[in-house]
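These are the residues of each chain, in order.
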Amino acid sequence: MTRSQPGFQTMWAELAPIGLHSDSRGYRRYAWTGADAECRAWFRAQAEARGLAVETDRNGNQWAWLGDPLAGDAVVTGSHLDSVPDGGAFDGPLGVVSSFAALDELRHRGVEFTKPLAITNFGDEEGARFGLACVGSRLAAGQLTVEAAHRLRDADGVTLPQAMAAAGHDPDAIGPDPERLARIGAFVELHVEQGRALDLTGDPVGIASAIWPHGRWRFDFRGEANHAGTTRLADRRDPMLTYAETVIAARREAELAGALATFGKVAVEPNGVNAIPSLVRGWLDSRAADQDTLDTVVAAVERAAREHAERAGIDVGVVRESFTPVVEFRHALRDELATLLKGSARGTGRPVPVLGTGAGHDAGILSASVPTAMLFVRNPTGISHSPAEHAAEDDCAAGVTALADVLEGLACR
């Protein structure tokens, strides 16, 4: 038990009901919705209770500042509060709650900050509503153009500008924020591990080495709508069959390459039980340890889709909707974190595991502009993006202590 733990548990309990769906027991905290507004209000309340100055930047990201934001060389920590559809409690919120708890711990230690410190809540990290991950950090880093952002729409046809305006934010103000990023000396994001590497090594906390290259591709399979009860099988142009063949091909190609490929979202038109579809639209998420492998897998999946489509008389189109290249976190900062954690008075003296991940994060987006690093907290099941996502209380406490040790080393020297 650490002194940060009671504060952690209080914050966790206050945040837990927001966006929780009564049937699935998963979270639906989508960007620029009522649940998102409640999360933002919670963040502001936590910051103000600690005497931090709160601001929302032009792209909807929240910042809570201790010290002068304009002084430069700031140390920043935090994560996000939005979720995937029916997501778990830990992905994102663990990093934000741990950041506030780590600040509480540092104040208890009586440390003196020599650099500005900020805690962040990045907007729309998961991309659940508009289909593009890390919108807030991509905009800030100039990796998403204003024009492209304005074209984003949700499933109901609501555009990102319309959603932002409805939530009281000015969509015309969005865009690159290089002046703000230039004032950051280091960004450290704590996140629940989305895998079982730490569980297998028996360590509560690890350090990220790299984020695999990954992207999302939309496959449109167009056939011919017809009556399911009267159309002979031989006369059908059913795009669902071609889609199904492509899903199987994606699994096969990923296994052969030692990569990952998932069709996790599908839309069907006209979507009737007794109707042969005219359109099946599926989204492929693919990730691999290196760029060549990822390119090979996606190309093979697309080739299989076109071959099956040609035989069945189906038209197929493929659009890459997002892509993030491999992110190698800066070795100097990563090594500094390892030294701080191993040499800490609260450390065990044993090396902290360094591991890669296939999941994207705001830290990865910012890494091109700011020195970034990540800490992972053990997830005993390895399950993520699901209500079964979990981290034990003691491991959460260890994560808070590790983050506090890192922030003390970076911001209090």
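See the structure shown above.
So, here is what we can say about the structure in this document. (Residues numbered from 1 in each chain as written. Predicted model: local features only at pLDDT ≥ 70, side-chain atom pairs only at ≥ 80, totals over all residues. Heavy atoms only, no water.)

Here we look at the overall build of the protein chain
Logical step 1: Looking only at helices and strands, one finds 13 helices and 15 strands in the protein chain.
Logical step 2: Computed over its C-alpha atoms, the radius of gyration of the protein chain comes to 23 Å, within 12% of the 22 Å expected for a compact globule of 413 residues.
Logical step 3: If one aligns the C-alpha atoms of the protein chain with their principal axes, the spans along those axes are about 80 × 45 × 40 Å.
Logical step 4: Per-residue burial over the protein chain gives 53% buried out of 413 residues.
Logical step 5: By sequence separation, contacts in the protein chain at least 24 residues apart represent 77% of the contacts at least 6 residues apart.
Logical step 6: Accessible area for the protein chain stands at about 17,300 Å²; split by element, carbon and sulfur atoms hold 51% of it.
Logical step 7: On the protein chain, the mean spot of the 40 positive side-chain charges and the mean spot of the 56 negative ones are 1 Å from each other. (Helix = DSSP H or I, 4+ residues; strand = E, 2+ residues; numbered from the N terminus. Rg over C-alpha atoms; globule rule 2.2 N^0.38 Å. Buried < 20%, exposed > 50% of the residue type's maximum accessible area, 1.4 Å probe, protein only. Contact = heavy atoms within 4.5 Å. Areas by Shrake-Rupley, 256 points an atom, 1.4 Å probe, with all protein chains shown as cover. Lys, Arg positive; Asp, Glu negative; His and termini not counted. Charge placed at Lys NZ, Arg CZ, Asp CG, Glu CD.)

A look at helix H13 (residues 393-411)
Logical step 1: Taking 1.5 Å per residue, 19 residues should reach 27 Å; H13 reaches 26 Å between its end C-alpha atoms and fits that length.
Logical step 2: Counting buried positions along H13 gives 15 out of 19 residues, so the element sits mostly inside the fold. (Expected span 1.5 Å × (residues − 1).)

Points about the packing of helix H9 (residues 239-257) against helix H10 (residues 291-312)
Logical step 1: Direction vectors running N to C along H9 and H10 enclose 150 degrees, while the axes themselves pass 9 Å from each other. Regarding the angle of H9 to H10, the classification is roughly antiparallel. The crossing of H9 and H10 is right-handed. Residue-level contacts link Thr242, Glu245, Thr246, Ala249, Ala250, Glu253, Ala254 and Ala257 of H9 to Thr293, Val297, Ala300, Val301, Ala304, Ala305, His308, Ala309 and Ala312 of H10.
Logical step 2: Considering only residue class, the contact of H9 with H10 consists of eleven nonpolar, four polar and two charged. (Axes fitted to C-alpha atoms, helices over the stretch in contact; angles between N-to-C directions. Parallel < 35°, antiparallel > 145°, perpendicular 65-115°, else oblique. Left-handed = near helix turned anticlockwise from the far one by under 90°. Nonpolar A, V, L, I, M, F, W, Y, C, P; charged D, E, K, R; others polar.)

Structural notes on the nonpolar core
Considering soluble globular proteins, one finds that nonpolar side chains tend to be buried as a cluster.
Logical step 1: With 52 residues, the main nonpolar core has Trp42, Leu94, Phe100, Leu337 and Leu375 as its most contacted residues.
Logical step 2: In terms of residue count, H13 provides more of this core than any other element does, nine residues in total. (Core = buried A, V, L, I, M, F, W, Y, C linked by side-chain atoms within 4.5 Å.)

None of this, on its own, says anything about what the molecule does.
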